[in-house]
Amino acid sequence: MPIISSRSKLGNNSWVVSVLSVFVTTEILLFVGLAAGSLPATTAPISSHFSEFSSGDIFSAYCKRAPHKAACESMLSSVLTTTSTTTATPQTLADLFDHSVKYSMGQAHSARALAYNLSLSYPSAPGNLIGGGMNDCLELLEDSLDQLSNVDNRENKPGTSIDDDVRTWLSAALTNQAACLESLENYRFKVGKGVMDAKAQNLSHFISNSLNLYMSSKPKEAKKSSTRSSTGGRRKTLSEDFPTWVSAAERKLLQASIGEIEANAVVAKDGSGTHGSIGEALELVASLADGGRTVIHIKAGTYRENLNIPSKQHNVMLVGDGKGVTVIVGDKNSVDGSTTYGTATVGAMGDGFIARDITFVNSAGPEKHQAVALRVGSDKSVIFRCSILGYQDTLYTLSKRQFYRETDIYGTVDFIFGNSAAVFQSCGIYVRKPPSGRDNFITAQGRSSSDENTGISIHNCKIAAASDLAPVQSKFATYLGRPWKQHSRTVIMQSSLGGLIHPAGWSPWSGSFALNTLYYGEYMNSGPGASTSGRVKWPGYHSSLTSAEAQTFTVAGFIAGNLWLPSTGVSFDSGLLG
């Protein structure tokens, strides 16, 4: 059967030809401006000073084995020109890491300036094809700067999981560049695309090297985070059942009845609330935000809105009246011209996002390819008792630490995808009927470096055919996942797998790509689709994880959940069951 091998395939749009002709003059002028230096140029690796380091120097030795050697030499050369007047010369790899982060921040500022100028150079057009990709990059670069700033100021950050924090922040900044490049794949102006592609690619190399430097500078005994301890398999009570980064106050919010919640804004279709739309309510709470939790109660009804909660808007909580009762619907999709990032019905980038008792829908349908219902790039986010409905690319777990509990996800192709550290617990994962001749893939995880602390962990969940697929499930192949990026990582643990799962379990993306470097694992699953006897024989696949290996993918072991989930109030299992 044919498969969809590209995540960003767009439909044909005949109007693009006429739009391009209108803006050809702008394109030429932009090229002249770039050549004259009126816009920030790409960052070419510079190694003119690198030879001044002796061949036995620990820094030059590191650059020889860095993931991106040319970028490392460029960064190292900058040490000679900056440390003499601003900071002390690095003496250790840890010192060099600090310099590398600052250097990456400078490159990110340059990339943001470039994206900003390019976004102004091209006006909007139908379908958002012209400016959408560059606008995505601009938003993602803003978030990357926040993440790099977090790393640079890590000693001033509260909490006790600094190792997990640093890896999360750098992994997110790296993921953002990949998302930017994906959004630019169908960008219509080649000069702008070319310079931004190069800038984002270079920045990803600097960030990847920074992450690798962080891991290289840590003593071996310290590379296992002390915060990722387990409480064993004990099942927590409802009041405890979330990672510890969920505060006591937020636990109460997640457990409270609607009548007990004091909302900052109430959205109602019948006029009984403070606002008639969720977008208006989000604008209000943004103006009220003082760093604390802001709550929006969305009463029963169907709301046709596309919402974006930006990186600067933290601690937003959306509370509905129940699955299928409070429904947020959008229909943006790639065929009609949106980037995958831009198709999201709801996009949440601000840290501490919580959603409860809401259904998120992208109603574009199975023939519209990429069409995201919910995109989450929020650190320490919680999705509790929600439904997320779509077909291809339903749930975009973009980046950072995420927890899903008692939530139903419906889709067809790669419908849980992204590069966050995400744990799904006690969730229902339902596979829908795909277009004729296509296969289903539940996950497509996007980890690009082995240094990243990201992956998808599906724990104590139910994987089954949705009502439209169930009568014909034998006619379609359904796989647990396929490797979107080189170090794709997904585990399925203590879950019920329906008979729809293909005996091979997992599918390649293209040829032998990533089969040696991915990490896929299964542990104590049950049901007719759980047998591993016919599974793939790839080097990166683990058919039977040990309990110790499985423990590293639990709430406590994978997302340091004991440090932040308790504050949200959502229930969770800290370790393995039983």
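Residues numbered from 1 in each chain as written. Predicted model: local features only at pLDDT ≥ 70, side-chain atom pairs only at ≥ 80, totals over all residues. Heavy atoms only, no water.

Trainee: Just to check I follow, could you spell out the state of the cysteines for this structure?
Mentor: By definition, a disulfide links two cysteine residues through a covalent bond between their sulfur atoms. One pass over the full model with this rule turns up 2 disulfides. Between C63 and C72 runs a disulfide, and the two sulfur atoms are separated by 2.0 Å. Since a negative S-S torsion denotes a left-handed disulfide, the C63-C72 link at about -75° is left-handed. This pair shows no difference in class: C63 is buried, exactly as C72 is. With its sulfur 2.0 Å from that of its partner, C137 forms a disulfide with C180. With the S-S dihedral at roughly 95°, the linkage between C137 and C180 falls on the right-handed side. Taken together, the residues span a long stretch of sequence, with C137 in helix 5 (residues 132-152) and C180 in helix 6 (residues 162-183) at a distance of 43 residues. Assessed through its relative accessible area of 0%, C137 is described here as buried. In the chain, the bonded cysteines, numbered by position in the sequence, are linked as 1-2, 3-4. Looking at C427, it has no disulfide partner, and the nearest cysteine sulfur is the one in C461, 4.6 Å off. (Disulfide = S-S within 2.5 Å. Buried < 20%, exposed > 50% of the residue type's maximum accessible area, 1.4 Å probe, protein only. Helix = DSSP H or I, 4+ residues; strand = E, 2+ residues; numbered from the N terminus.)

Trainee: Any chance you could explain unusual backbone geometry here in plain terms?
Mentor: Note: most peptide bonds trans; most residues except glycine with negative phi. Notably, K400 is not glycine yet its phi reads approximately 70°, a positive angle. With respect to the helices, strands and loops of the structure, K400 is situated in the loop between strand 13 (395-397) and strand 14 (401-405). By relative accessible area, which is 3% here, K400 ends up buried. The backbone of E406 shows a phi angle near 50°, a positive value even though the residue is not glycine. Residue classification places E406 among the partly exposed positions, given a relative accessible area of 29%.

Trainee: Hey, could you run me through helix 9 (residues 278-288) in this one?
Mentor: Working note: α-helix, 3.6 residues per turn, so residues spaced by three or four point in the same direction. Turning to helix 9, its buried residues number three or more, namely I278, A281, L282 and V285. Buried residues in helix 9, looked at end-on, bunch into an arc of 100°, giving them a common side. Across from the buried face of helix 9, at angles greater than 90 degrees, the exposed residues are E283 and S287. As for helix 9, its buried residues are in contact with strand 1 (265-267), strand 2 (294-298), strand 3 (301-304), strand 4 (307-309), strand 5 (316-319) and strand 6 (326-330). The opening residue of helix 9 is S277, an N-cap whose side-chain oxygen sits 3.2 Å from the backbone nitrogen of E280. (Arc of directions from axis to C-beta. Contact = heavy atoms within 4.5 Å. Polar contact = N/O pair within 3.5 Å; in protein donor to acceptor, adjacent residues only side chain to side chain.)

Trainee: Explain the side chain of Q177 here, please?
Mentor: Inspection of the secondary structure assignment puts Q177 in helix 6. Only 3.1 Å separates the side chain of Q177 from the backbone oxygen of A173, close enough to count as a polar contact. If near-sequence neighbours (up to four positions away) are discounted, Q177 is found in contact with L141, S144, A200, L203, S204 and I207.

Trainee: How should the sheet that holds strand 25 (residues 519-523) be read in this particular structure?
Mentor: Two orientations exist for strands paired in a sheet by backbone hydrogen bonds: parallel and antiparallel. Spatial ordering of the open sheet is given by 1-2-5-8-11-14-17-20-23-25-26, a layout of 11 strands whose pairing is parallel. Every other strand in the sheet has two partners, leaving strand 1 and strand 26 (541-542) as the edge strands with one partner each. Bridging between strand 1 and strand 2 involves 3 bridges; their strand directions are parallel. When the bridges of strand 2 are listed, A265 appears paired with I296. (Pairing = 2+ DSSP bridges.)

Trainee: Looking at this structure, I do not really get the pairing of strand 3. What am I missing?
Mentor: The alternating pattern of strand 3 places G301 and Y303 on a buried face and T302 and R304 on a face that is not buried. Where strand 3 meets strand 6, 4 bridges bridge the pair, whose relative direction is parallel. Looking at the pairing, Y303 lines up with I328 of strand 6.

Trainee: Honestly, the pairing of strand 19 (residues 440-445) in this entry has me stumped. Any pointers?
Mentor: For a regular strand, side chains alternate in direction, first toward one face of the sheet and then toward the other. Most of strand 19 is tucked away, with 6 of its 6 residues classed as buried. Direction of pairing for strand 19 relative to strand 22 (residues 478-481): parallel, over a ladder of 3 bridges. Each residue of the ladder has a partner; that of N440, found in strand 22, is T478.

Trainee: How should the packing of helix 5 against helix 6 be read in this particular structure?
Mentor: Packed helices, taken two at a time, are described by the angle their axes make and the gap between the axes. The interhelical angle for the contact between helix 5 and helix 6, taken along N-to-C directions, is 165°, at an axis separation of 9 Å. It follows that helix 5 is roughly antiparallel to helix 6 by the angle criterion. The two elements helix 5 and helix 6 cross, and the hand of that crossing is left-handed. Between helix 5, through G133, D136, C137, L140, L141, D143, S144, Q147, L148, N150 and V151, and helix 6, the contact on the second element is made entirely by V166, W169, L170, A172, A173, N176, Q177, A179, C180 and S183. In terms of residue class, the contact of helix 5 with helix 6 is built from 12 nonpolar, 7 polar and 2 charged. (Axes fitted to C-alpha atoms, helices over the stretch in contact; angles between N-to-C directions. Parallel < 35°, antiparallel > 145°, perpendicular 65-115°, else oblique. Left-handed = near helix turned anticlockwise from the far one by under 90°. Nonpolar A, V, L, I, M, F, W, Y, C, P; charged D, E, K, R; others polar.)

Trainee: Got a minute to help me understand the confidence of the model for the chain in this structure?
Mentor: Detail in the predicted coordinates should be disregarded across regions flagged by low pLDDT. Residue-level pLDDT values for the chain average 85, and 82% of them are 70 or greater. Predicted confidence for residues 8-52 stays below pLDDT 50, and this span has 84 contacts to residues more than four positions away or in other chains. Counted against residues more than four places away or in other chains, residues 225-239, with its pLDDT under 50, gives 43 contacts. (pLDDT = per-residue confidence, 0-100.)

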